[in-house]
Amino acid sequence: HSDILKSELFADYVSIWPTKFQNKTNGITPRRWLRFCSPELSDIITKRLNTDQWVTNLDLLVGLRKFADDGEFQAEWASAKMANKQRLAKYILQVTGVTIDPNTLFDIQVKRIHEYKRQLLNIIGAIYRYKKLKEMTPEECSKTTPRTIMIGGKAFATYTNAKRIVKLVDDVGSVVNNDPEVNQYLKVVFVPNYNVSVAEILIPGSELSQHISTAGMEASGTSNMKFALNGCLIIGTLDGANVEIREEIGEDNFFLFGATADEVPRLRKERENGLFKPDPRFEEAKQFIRSGAFGSYDYNPLLDSLEGDTGYGRGDYFLVGQDFPSYMDAQARVDEAYKDKKRWLKMSILSTAGSGKFSSDRTIAQYAKEIWNIKDCPVP
């Protein structure tokens, strides 16, 4: 991202003061985003590390790595995560009236609603999953990984397509959650009025979180750090802080998919030239929406943004169709991984253990030392 700013946006400025351009990776406070919002997980971390100093020195979390395969620790970890999932299920029932099962995979995407953040990719994937479940026998359904998909966030008042995405999520939920044939295997919930207080309940209770922006468009993002710190695995593109999170926690503990930032311009050009061939599953899901399966609302203006090769508001600028097959393959890997509880718990523990770098304490210390040239002033 810094290179883009230096080579394009601020090229003249950089030519005069090259040393003034540096980047500092964002951070989050572990006091709020682990100690306060997940006391159960915090307590077992403190117990295993024999200290609570990790709260102000997050690098100490690396000490959890040696316990990642420990059966007793995994059981404690699972118990703490379940307490958070039950708290979240109670909250969802309270604010939406929807009953969700804490034994299902809790899959969460919460962030500002924007086409580049691709909540549309998430919900079209959920629609395809629902359609396939409807085509399965009861025995085939029972072999799938049951999942509760939660999407939350606010759309700017005049951002019509973002509002349409919110409505689509809500409409899909109304159908799926009330379908007795499949609703024990899939539920879709739009979480209303997303804010920090809601995040403090959602993030500790999540097991998979989606950070699926078109590569090259997210400067950093910090919710991905909050989720990773809480032992939540990420499905995501190589964008923003996902790149560094994947480096820190290990590639095997991150569900990667999608085009990379350097491929995006070429893929857009190919699309303009009529060279894009959509995945049949993507076409099937869009057709299912158009069939009226989720009510009478006209979703064509939203779906039209994914059609055509060029033009304002058309041509799938954010590469939803391009990344759809890769996204579905990654989701299939998630389903398989979740069936192996020991493997999933190990990955979850390693996610938290690798999150030390993402403390805001480190960010602020870097600013102080490398930009402001000030020394810390400890409280006596």
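Now for a description of the structure that goes with this document. (Residues numbered from 1 in each chain as written. Predicted model: local features only at pLDDT ≥ 70, side-chain atom pairs only at ≥ 80, totals over all residues. Heavy atoms only, no water.)

With respect to the overall build of the protein
Thought 1: Scanning the protein from N- to C-terminus turns up 17 helices and 6 strands.
Thought 2: Put simply, 74% of the contacts in the protein that link residues at least 6 apart link residues at least 24 apart.
Thought 3: Of the roughly 17700 Å² that the protein leaves accessible, carbon and sulfur atoms contribute 53%.
Thought 4: One way to put it: in the protein the 50 positive side-chain charges average out to a point 3 Å from where the 50 negative ones average out. (Helix = DSSP H or I, 4+ residues; strand = E, 2+ residues; numbered from the N terminus. Contact = heavy atoms within 4.5 Å. Areas by Shrake-Rupley, 256 points an atom, 1.4 Å probe, with all protein chains shown as cover. Lys, Arg positive; Asp, Glu negative; His and termini not counted. Charge placed at Lys NZ, Arg CZ, Asp CG, Glu CD.)

Examining empty space enclosed by the protein
Thought 1: Enumeration over the complete set of coordinates arrives at 1 cavity of 30 Å³ or more.
Thought 2: What lines the largest cavity is simply Asp107, Asn122, Gly125, Ala126, Arg129, Arg147, Ile149, Gln210, Tyr327, Met328 and Gln331.
Thought 3: Going through the elements one at a time, α6 (119–135), β2 (147–152) and α15 (320–339) are the ones with two or more residues in the lining of the largest cavity.
Thought 4: Here the lining of the largest cavity takes 4 residues from α6, the largest share from any one element.
Thought 5: Residue composition of the lining of the largest cavity, grouped by class: 4 nonpolar, 4 polar and 3 charged. (1 Å grid on protein atoms, 1.4 Å probe; cavity = no way out; pocket = protein on both sides within 12 Å on 5 of 7 lines; lining within 4 Å. Points joined across faces, edges and corners; volume = space filled by probe spheres on them. Nonpolar A, V, L, I, M, F, W, Y, C, P; charged D, E, K, R; others polar.)

Comments concerning unusual backbone geometry
Thought 1: With a phi angle near 50°, Asn193 is a residue other than glycine that sits in the positive phi range.
Thought 2: The phi angle at Asn373 is positive, at roughly 55°, despite the residue not being glycine.

Quick notes on the environment of Thr352
Thought 1: In this fold, Thr352 is placed in helix α16 (residues 341–353).
Thought 2: Remark: the alpha-carbon pair of Thr352 and Arg65, spanning 287 residues in sequence, is separated by 9.0 Å.
Thought 3: Reaching out from Thr352, the side chain makes a polar contact with the backbone nitrogen of Gly231 at a distance of 3.0 Å. (Polar contact = N/O pair within 3.5 Å; in protein donor to acceptor, adjacent residues only side chain to side chain.)

Observations regarding the packing of α15 against α16
Thought 1: It is at 5 Å that the axes of α15 and α16 come closest, and there the two elements cross at 105°. In terms of orientation, α15 lies roughly perpendicular with respect to α16. Contacts between α15 and α16 involve Val334, Ala337, Tyr338 and Lys339 from the first element and Lys341, Arg343 and Trp344 from the second. (Axes fitted to C-alpha atoms, helices over the stretch in contact; angles between N-to-C directions. Parallel < 35°, antiparallel > 145°, perpendicular 65-115°, else oblique.)

A short note on the pairing of strand β4 (residues 208–211)
Thought 1: Going residue by residue along β4, you find Leu208 and Gln210 tucked away on one face and Ser209 and His211 tucked away on the opposite face as well.
Thought 2: Alignment of strand β1 (residues 105–110) against β4, held across 2 bridges, turns out to be parallel. Bridge pairing in β4 links Ile108 to Ser209.
Thought 3: Sheet topology note: the β4/strand β5 (residues 233–236) ladder contains 4 bridges and is parallel. Bridge assignment links Gln210 to a residue of β5, and that residue is Ile235.
Thought 4: In terms of handedness, the path from β4 via helix α10 (residues 223–229) over to β5 forms a crossover that is right-handed. (Buried < 20%, exposed > 50% of the residue type's maximum accessible area, 1.4 Å probe, protein only. Pairing = 2+ DSSP bridges. Right-handed = clockwise from strand over helix to strand, strands pointing away.)

Regarding the nonpolar core
Thought 1: In this structure, Ile123, Ile127, Leu168, Phe255 and Trp344 are the most contacted members of the largest nonpolar core, which totals 52 residues.
Thought 2: Looking at this core, the element that brings in the most residues is α6, giving 9 residues.
Thought 3: Look past the residues within four positions of Ile123 in its chain and what remains in contact with it is Leu168, Val169, Val172 and Val188. (Core = buried A, V, L, I, M, F, W, Y, C linked by side-chain atoms within 4.5 Å.)

Structural notes on a nonpolar patch on the surface
Thought 1: On the surface, a nonpolar cluster with roughly 520 Å² of combined accessible area is contributed by Leu9, Phe10, Tyr13, Ile16 and Trp17.
Thought 2: Mapped onto the elements, Ile16 comes out in helix α2 (residues 11–16).
Thought 3: For Ile16, a relative accessible area of 54% puts it in the exposed group. (Patch = residues over 30% accessible without salt bridge, like charges linked within 9 Å, V, L, I, M, F, W, Y side chains within 5 Å. Salt bridge = Lys/Arg side-chain N within 4 Å of Asp/Glu carboxyl O.)

Observations concerning the pattern of salt bridges
Thought 1: The final tally for this structure, using the stated rule, is 36 salt bridges.
Thought 2: Note that Glu283 and Lys286 form a salt bridge whose closest N and O atoms lie 2.9 Å from each other. One end of the pair is Glu283 and the other is Lys286, both in helix α13 (residues 280–290) and 3 residues apart, which spans about a single turn.
Thought 3: For Lys286, a relative accessible area of 2% translates into the label buried.
Thought 4: Within the structure, one salt-bridge network assembled from shared partners comprises Glu283, Lys286, Arg290, Asp304 and Glu307.

Regarding the environment of Ala353
Thought 1: Note that Ala353 resides in helix α16.
Thought 2: Once the C-alpha coordinates of Ala353 and Val320 are considered, the two residues, 33 residues apart in sequence, prove to be 32 Å apart.
Thought 3: Those residues in contact with Ala353 that lie beyond four places of it in its chain are Leu61, Val62, Leu64 and Arg65.

Quick look at the sheet that holds β4
Thought 1: An order of β3-β2-β1-β4-β5-β6 is seen for the 6 strands of this open sheet, with the pairing classed as parallel. Since the sheet does not close on itself, it has two edges, and those belong to β3 (186–191) and β6 (254–256), each with one partner. Across the sheet, the axes of successive neighbouring strands diverge by a mean angle of 20°, strand direction being ignored.
Thought 2: On the sheet, helix α5 (residues 71–96) packs against β1, β2 and β3 and is oriented at approximately 70° with respect to β3.
Thought 3: Most of the contacts of α6 go to β3, to which it runs at about 155°, and overall it touches β1, β2, β3 and β4.

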